[in-house]
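Structure at a glance
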Amino acid sequence: MGGVIGVLALQGDFREHKEALRRLGVEAREVRRPEHLKGLKGLIVPGGESTTIGKLAREYGLEEAVRKGVEEGLAVFGTCAGAIWLAREILGYPDQPRLGVLDVAVERNAFGRQVESFREDIQIRGFPEPFSGVFIRAPLFRRVGEGVEVLAELGGLPVLVRQGKVLAASFHPELTGNLRLHQYFLELSGL
Ligand code: GLN
């Protein structure tokens, strides 16, 4: 079954997500304006800098347009900064622009300066093998609402969560070459 997946291309590592989709044989579209959302089954929000992504998305009318899309059934997958943008609450940054469609409280740069970036195998629920998670100045989900399913944890804290068709990872699946999580998102998007 066909279907186009969008990648929010305002800032961050959207090219790596596009490449992952290409390798999966899926048509990918860079999203920079609300009209680019038309007909999409899913939207990936990349890692990068969440303040910048949030500000630009608001400026270009994408915050409102994506929120409406999600209400109408668009699947969304946020990785790292993208996950922060999806969150209802960003701890310590009450005014940071965000989509707020995922009922979590997220802490930015939650691993501290000493361990800013690392790679760690995580066990994702339903996946037969461990998944190598690349964490770069990564956030953590500190509070997770009742309707939110935790799909993977690190040190007892959630790092991959799902609420309906909203998926969020505090790590970067687009940097390892392992396509399983993208594949999972395609299924969530109905592809
Ligand atoms: N630390 C970044 C932020 O808070 C996220 C880092 C990333 O996306 N790798 O926006």
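Residues numbered from 1 in each chain as written. Predicted model: local features only at pLDDT ≥ 70, side-chain atom pairs only at ≥ 80, totals over all residues. Heavy atoms only, no water.

Points about the site of the ligand
This is how the line gets drawn: Being near a molecule or strand, for a residue, comes down to having at least one heavy atom within 4 Å of it. Between N or O atoms, a polar contact is any pair within 3.5 Å; within protein, one atom must be a potential hydrogen donor and the other a potential acceptor, and residues adjacent in sequence are included only when both atoms are from side chains. Calculation of accessible area relied on Shrake-Rupley with a 1.4 Å probe; when residues are assessed, cover is drawn exclusively from the protein chains displayed. Residues are grouped as follows: Ala, Val, Leu, Ile, Met, Phe, Trp, Tyr, Cys and Pro are nonpolar; Asp, Glu, Lys and Arg are charged; all remaining types, including Gly, are polar.
By nearness alone, every residue bordering the ligand is listed as G47, G48, E49, S50, C80, A81, I84, R108, N109, I136, R137 and H172. Here A81 contributes a backbone N or O atom positioned 3.0 Å from an oxygen atom of the ligand. In this structure, a nitrogen atom belonging to the ligand sits 2.6 Å away from a side-chain N or O atom of N109. Relative to its free-state accessible area of 300 Å², the ligand is covered by the protein chains to the extent of 93%. Here the residues of the shell around the ligand are counted per class, giving four nonpolar, five polar and three charged.

Comments concerning the sheet that holds strand β9 (residues 140–144)
Whenever strands of a sheet pair, they do so through backbone hydrogen bonds, lying parallel or antiparallel. Stated formally: We call two strands paired when DSSP finds no fewer than two bridges between them. Runs of H or I in DSSP of at least four residues are treated as helices and runs of E of at least two as strands, each being numbered from the N terminus. Axes, fitted as lines to C-alpha atoms, cover a helix only where it is in contact. Angles between the N-to-C directions of the axes lie from 0 to 180 degrees.
Pairing within the open sheet is mixed, and its three strands lie in the order β5-β6-β9. Pairing within the sheet leaves two strands with one partner each, and these edge strands are β5 (87–90) and β9. Sheet twist, expressed as the average angle between the axes of neighbouring strands with direction ignored, equals 40°. Bridge analysis of strand β6 (residues 102–107) against β9 gives four bridges, and the strand direction is antiparallel. In the strand pairing of β9, V104 is matched with V144.

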